[in-house]
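What follows is each chain in one-letter form.
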Amino acid sequence: MRCVGRLAEMIAASAGALSRATGRGGGTSLPGMVLNRLEPGALARLGGGLGGGAVYISATNGKTTTARLLSACLRADGRIVTANAAGANLASGVTSALLARERTRRYRRNRRTRPSRHATGEPGDLAGPTDPGSGCGGIGVFEVDEAALPPVARALQPRAVVLMNLFRDQLDRYGELETIAERWSELARSLGPATTLVLNADDPALAHLGADPPRVVLFGIDDPEMGRGDLPHAADTVRCGNCGHPLSHDLVTVGHLGHWRCDSCGLRRPRPHISARRMHLDGLDRMTLTIAGTGDETGPGSDDETSSGDGTGSGGRSAGAGTDLEITAGLGGLHNAYNVTAAVAAAAALGVPPEAIRDGIAGVQAAFGRAEQVSLDGRTLRLLLAKNPTGANENIRCVLAEPGPLSLLVVLNDRTADGRDPSWIWDVDYEPLWDRISSVTLAGDRCWELALRFSYGGLDPARFEVRENLPEALDHAVAATPPGGVLFALPTYTALLDLRAELVRRGATHDFWQES
Amino acid sequence: MSAPAVRLWHLYPREMNIYADRGNIAVLGARLRRRGLDLVLHEGGPGEDVPDGGVDLVYLGGGQDRDQLHVAADLAATKAADLRALLRGGAAGLFVCGGYQLGGHSYRTAGGETVAGIGVLDIETTAGPDRLIGDIVLRSDLGPGDEPDRLVGYENHAGRTRLGDGAKALGRVVKGHGNNGTDPTEGAVAGRAIGTYLHGPLLPKNPWLADLILGWALEHRYGRRFDLEPLEDRLEQAAHRAAVARADHPRR
């Protein structure tokens, strides 16, 4: 069996190399896809070598960024992290990452170049400096697609699962989000005592998934300044999961997230163990948060809002030990505040000390396409992936917080990874942009749908340009942006890949799989 | 004197909005205003009765399964009889996706439970083993021209809908699945009530259907025929043509 596994690995790795060599992509999923096909038990076999276990992060929005944040915290604590590439978040992507780790370890062992006993903290440091030969080193941090999570977790039992939010997204592929919530609930009930569930208390679809499992860490936002008034149009989980009565909200943050309660049956947001209290959001690239832990991480949060929030903790090592943690992150927007808080909760649950959490998060920059900054022809492009109503709404809020007239490039594709159904753009609140726009260019496979959305949303068609061809659209959008100015691009997922490919062609940036 | 206006009763906008129903409402209002006419919008949530002052057009969109069950119960308890009377009296209705199923006699869920609908459309729906998903193009005889006109959209439904003996389809499927994936029908029409699985949303890319429905609603209110002047529909036609071309030449 070992020989069969080795041969399968060689074939799979060759497929990845071929993919890169022929310019078809970074080979971040293909090797795992081939290996899973040749050896169905590969994920469990390779994952079994992770002495520190595997952590899965799933959500509609924020998987990639949160995985980066958590990986950075663990590395700052000297742990060796294996992570999948951004977006390679099906079983194939997880297997690919584990395969790359395995092959690097074997290569180093064969060359008899014993690595140092100290962690380098380098992202590329896949092989374990602790002891590459024993197979006990390393922890896996994997972002996992919402629908792929249950089968991946069945194949390789996780040490922790971080569930952050569920919003309407790709209805054609996932079905309605209640279906995913139901599958996640089944998964939560099936997890063994060795797994910690890290859940968002602010999402009523998730907060009570952990009623049964042994260890639950809840996180949430508790800064009343962050409220946004009423629920947005695209709010999803608006009814009580217990009795079906419409939920009431004392605080609405992102989409349907917030401080929710059911006035009929009394179900309400549980008090989080890890909570972001005082927050300052400063543009697209910076935020500071004060994160408080209650010290009580073992059971579901108390429903009693008046109970003491400063538990005593155990030895003061984890961030959940009753002391406030001041966090500075190089990320913008309230949605990223959730990502940071989730990463802090997960890191604390994995025993990372507060200093390492603080240092790890401070060093993280935006993932590709998440407010990524690219220079082109004397302008600055900001790439803001917008693939569903809630994500698009948060990006629009961030853009609106920037000063001056706005130049926009909106790109709508409808390929499999985007969702084939473009209906969702009608759930996005684009309208607040109209008063701030100096130029708008619309592009992508479904550019005419965008044109209708903007036109029926109240923007005079004379104020926007439609370009079916993406390079032409980019030219037009750049020309319409004043030199030295900022062009905000809001692409869907494959539109982001197309746009970045065009930027790579123009020498403005590098391929995404080359980034750390 | 104020401009002629259509009184629209938008049912369950909070619960039934998952497939961009907001876009259909926006189109109805905008196409009236571009002609100097007006839209008076009433939202009908759980427990609420027919708005005072009358209704010319009813809209019911699609929702998630659980929300749809809540809505079905509320419809039966508070609105179904009034809706039947309204539509029998000549008001127009547009029922989309889950709303289409609720406009019929009944819907049988995957669990075998039968949920009663409003019964203004002569259809019955049963949950199928899988979802019928994708771009869809119809030819419909309802259009203003002598030739059947095309309707374009997106469909995503587990329900298999069968037309009753006397029922008329909205159109014949050119590309896609339609009512049930086996016979070539899509949607249903009864008087001035239209039901369909087409979303995307439906009306922005099919402006002739929006105008047909608005004409019916105005006729109901004012008791005379309204000849709605043509609008400059450059973007609408471009999106419509692109959708037809995609169905003819699917990619990827």
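Keep in mind it's a predicted model, so treat the numbers as computed, not measured.

Undergrad: Help me understand the overall build of chain A in this model?
TA: Per the secondary structure count, chain A includes 14 helices and 17 strands. Looking at chain A as a whole, 57% of its 516 residues are labelled buried. A fraction of 72% describes how many contacts in chain A between residues 6 or more apart in sequence connect residues 24 or more apart.

Undergrad: So what exactly am I meant to see when it comes to the overall build of chain B here?
TA: Helix and strand content of chain B: six helices and 12 strands. Taking 2.2 N^0.38 as the reference for a compact globule, 252 residues should give roughly 18 Å; the C-alpha atoms of chain B span a radius of gyration of 17 Å, in line with that estimate. Projected onto its principal axes, the C-alpha coordinates of chain B cover approximately 55 × 45 × 30 Å. For chain B, with 252 residues in total, the buried portion stands at 49%. Within chain B, counting contacts between residues at least 6 apart in sequence, those at least 24 apart form 72% of the total.

Undergrad: Looking at this structure, how should I read the environment of B:Ala217?
TA: All names here are of chain B. Mapped onto the elements, Ala 217 comes out in helix H5 (residues 207-222). Here Ala 217 falls in the buried class, since 28 other C-beta atoms lie within 10 Å of it. Along the chain, Ala 217 and Pro 4 lie 213 residues apart, while their C-alpha atoms are 11 Å from each other. Those residues in contact with Ala 217 that lie beyond four places of it in its chain are Val 6, Asp 56, Leu 57 and Ala 92.

Undergrad: Any chance you could explain the sheet that holds strand E15 (residues 437-443) of chain A here in plain terms?
TA: Through backbone hydrogen bonds, the strands of a sheet pair up, either in parallel or in antiparallel fashion. All names here are of chain A. With respect to topology, six strands assemble into an open sheet ordered E12-E13-E17-E14-E15-E16, the strand pairing being mixed. Since the sheet does not close on itself, it has two edges, and those belong to strand E12 (370-376) and strand E16 (464-466), each with one partner. On average, each strand axis in the sheet is inclined to that of its neighbour by 20 degrees, with strand direction left out of account. Across four bridges, the pairing between strand E13 (residues 379-384) and strand E17 (residues 486-491) is parallel. By the bridge assignment, Leu 381 is partnered in E17 with Leu 487. Most of the contacts of helix H14 (residues 493-505) go to E17, to which it runs at about 140 degrees, and overall it touches E12, E13, strand E14 (406-411) and E17.

Undergrad: I tried to follow the packing of helix H1 (residues 21-33) of chain B against H5(B) on my own but got confused; where do I start?
TA: The geometry of a pair of packed helices is captured by two quantities: the angle between their axes and the separation between those axes. Residue and element names in this part refer to chain B. Where H1 meets H5, the closest approach of the two axes is 10 Å, and the angle between their N-to-C directions is 75 degrees. Our classification of the angle between H1 and H5 gives roughly perpendicular. Here Val 27, Leu 28, Arg 31 and Leu 32 of H1 come into contact with H5, specifically with Ala 210, Asp 211 and Leu 214. Looking at the contact of H1 with H5 residue by residue, the classes come out as five nonpolar, no polar and two charged.

Undergrad: Which parts of the structure should I look at to understand the sheet that holds strand E5 (residues 196-200) of chain A?
TA: All names here are of chain A. The mixed open sheet is built from nine strands, whose spatial order is E2-E3-E1-E4-E5-E6-E9-E10-E11. Looking at strand neighbours, the two that pair on one side only are strand E2 (81-83) and strand E11 (325-329), the edges of this open sheet. Averaged over all pairs of adjacent strands, the angle between their axes in this sheet comes to 20 degrees, without regard to strand direction. As paired elements, strand E6 (residues 215-221) and strand E9 (residues 274-282) share three bridges and run parallel to each other. Considered in E9, the bridge of Gly 220 is made with Ser 275. Relative to E2, helix H5 (residues 91-111) is tilted by about 140 degrees, and along the sheet it contacts E2 and strand E3 (139-143). In the packing of helix H9 (residues 334-349) onto the sheet, the strands contacted are strand E1 (54-58), strand E4 (160-163), E5, E6, E9, strand E10 (286-293) and E11, and the crossing angle to E9 comes to about 145 degrees.

Undergrad: Help me out: how do you make sense of the environment of B:Asp52 in this one?
TA: Its location among the elements puts B:Asp52 in the loop between strand E2 (38-44) and strand E3 (57-60). For the pair formed by B:Asp52 and B:His42, sequence separation is 10 residues and the distance between their alpha carbons is 9.6 Å.

Undergrad: Whenever I open this one, the environment of B:Leu170 confuses me. Can you help?
TA: All names here are of chain B. Following the sequence through the fold, Leu 170 ends up in the loop between strand E8 (149-163) and strand E9 (171-175). Classification of Leu 170 by C-beta neighbours within 10 Å gives buried; the count is 23. Taking the C-alpha atoms as reference points, Leu 170 and Asp 227, separated by 57 residues in sequence, lie 22 Å from one another.

Undergrad: Just to check I follow, could you spell out the nonpolar core for this structure?
TA: Side chains of a nonpolar character, in soluble globular proteins, are inclined to be buried together. Residue and element names in this part refer to chain A. Of all hydrophobic cores here, the largest spans 219 residues; its most connected members are Cys 73, Val 198 and Ala 346. Top element by residues in this core is H9. It accounts for 12 residues. In contact with Ala 346, not counting residues within four places along its chain, are Val 55, Leu 70, Ala 160, Val 162 and Val 198.

Undergrad: Before we go on, may I ask you to explain the interface of chain B and chain A in this structure?
TA: Reports of interface size often rely on the accessible area that becomes lost once the parts have come together. On the chain A side, the residues contacting the 29 residues of chain B number 25 residues. Looking at the side of chain B that touches chain A, the elements that each hand over two or more residues are H1, helix H2 (65-88), strand E7 (123-140), E8 and helix H6 (234-248) of chain B. Looking at side-chain class alone, the side of chain B that touches chain A contains 14 nonpolar, seven polar and eight charged residues.

Undergrad: Got a minute to help me understand the confidence of the model for chain B in this structure?
TA: A residue-level look at chain B finds 98% of positions with pLDDT of 70 or above and a mean pLDDT of 94. Taken together, the chains of this predicted complex give a pTM of 0.87 and an interface ipTM of 0.95.

Undergrad: When you look at the packing of helix H2 (residues 30-38) of chain A against H5(A) in this model, what are you seeing that I'm missing?
TA: All names here are of chain A. Two elements in contact, H2 and H5, have axes whose closest approach is 7 Å; the angle formed by their N-to-C orientations is 100 degrees. Considered as vectors, H2 and H5 are oriented roughly perpendicular to each other. Seen from H2, the contacting residues are Pro 31, Gly 32, Met 33, Leu 35 and Asn 36; seen from H5, they are Ala 91, Ser 92, Gly 93, Val 94, Thr 95, Ser 96 and Leu 99.

Undergrad: Would you mind showing me how to read unusual backbone geometry here?
TA: When glycine is set aside, most residues are seen to have a negative phi, and most peptide bonds are trans. Of note, the amide linkage connecting B:Gly200 to B:Pro201 takes the cis form, showing an omega dihedral of -10 degrees. Residue position: B:Pro201 is located in the loop between strand E12 (193-196) and helix H4 (202-205). The phi angle at A:Asp377 is positive, at roughly 50 degrees, despite the residue not being glycine. Taking the number of C-beta atoms within 10 Å as the measure of exposure, A:Asp377 has 14 and is therefore partly exposed.

Undergrad: What's the story with the pairing of strand E7 (residues 248-252) of chain A in this structure? I'm lost.
TA: Consecutive residues of a regular strand have side chains that alternate between opposite faces of the sheet. All names here are of chain A. By the bridge criterion, four bridges tie E7 to strand E8 (residues 258-261) in an arrangement that is antiparallel. Residue pairing across strands places Val 252 opposite Gly 258, the latter belonging to E8. Following E7, the chain reverses through five residues before pairing antiparallel with E8; Gly 255 in that reversal takes a positive phi of roughly 55 degrees.

Undergrad: Explain H9(A) here, please?
TA: Each α-helix turn comprises 3.6 residues. Residues three or four places apart therefore point the same way. Residue and element names in this part refer to chain A. With 16 residues, H9 should cover 22 Å at 1.5 Å per step; its first-to-last C-alpha distance of 23 Å lies within 8% of that length. Across the 16 residues that make up H9, a large majority, 16, are buried. Just beyond H9, the residue with positive phi is Gly 351, at close to 85 degrees.

Undergrad: Please explain the confidence of the model for chain A as it appears in this structure.
TA: Should pLDDT be low for a region, the predicted coordinates there are not to be read in detail. Residue and element names in this part refer to chain A. Here chain A shows a mean pLDDT of 86. Residues at 70 or above account for 85%. In the model, residues 115-136 has pLDDT below 50 throughout and makes 39 contacts with residues more than four positions away in sequence or in other chains. Residue range residues 297-320 is modelled with pLDDT below 50. Its contacts to residues more than four positions away, or to other chains, number 55 contacts.

Undergrad: Teacher, can you tell me more about helix H12 (residues 447-456) of chain A here?
TA: All names here are of chain A. With nine of 10 residues buried, H12 is to be regarded as a mostly interior element. By the burial criterion, the buried members of H12 are Cys 447, Trp 448, Glu 449, Leu 450, Ala 451, Leu 452, Arg 453, Phe 454 and Tyr 456. Positive backbone phi, approximately 110 degrees, marks Gly 458, located one or two places after H12.

Conventions and cut-offs
- Residues numbered from 1 in each chain as written.
- Chains lettered and ligands numbered in written order.
- Predicted model: local features only at pLDDT ≥ 70, side-chain atom pairs only at ≥ 80, totals over all residues.
- Helix = DSSP H or I, 4+ residues; strand = E, 2+ residues; numbered from the N terminus.
- Buried ≥ 20, exposed ≤ 12 C-beta atoms within 10 Å, placed from the backbone.
- Contact = placed C-beta atoms within 7 Å.
- Rg over C-alpha atoms; globule rule 2.2 N^0.38 Å.
- Pairing = 2+ DSSP bridges.
- Axes fitted to C-alpha atoms, helices over the stretch in contact; angles between N-to-C directions.
- Parallel < 35°, antiparallel > 145°, perpendicular 65-115°, else oblique.
- Nonpolar A, V, L, I, M, F, W, Y, C, P; charged D, E, K, R; others polar.
- Core = buried A, V, L, I, M, F, W, Y, C linked by C-beta atoms within 7 Å.
- pLDDT = per-residue confidence, 0-100.
- Expected span 1.5 Å × (residues − 1).

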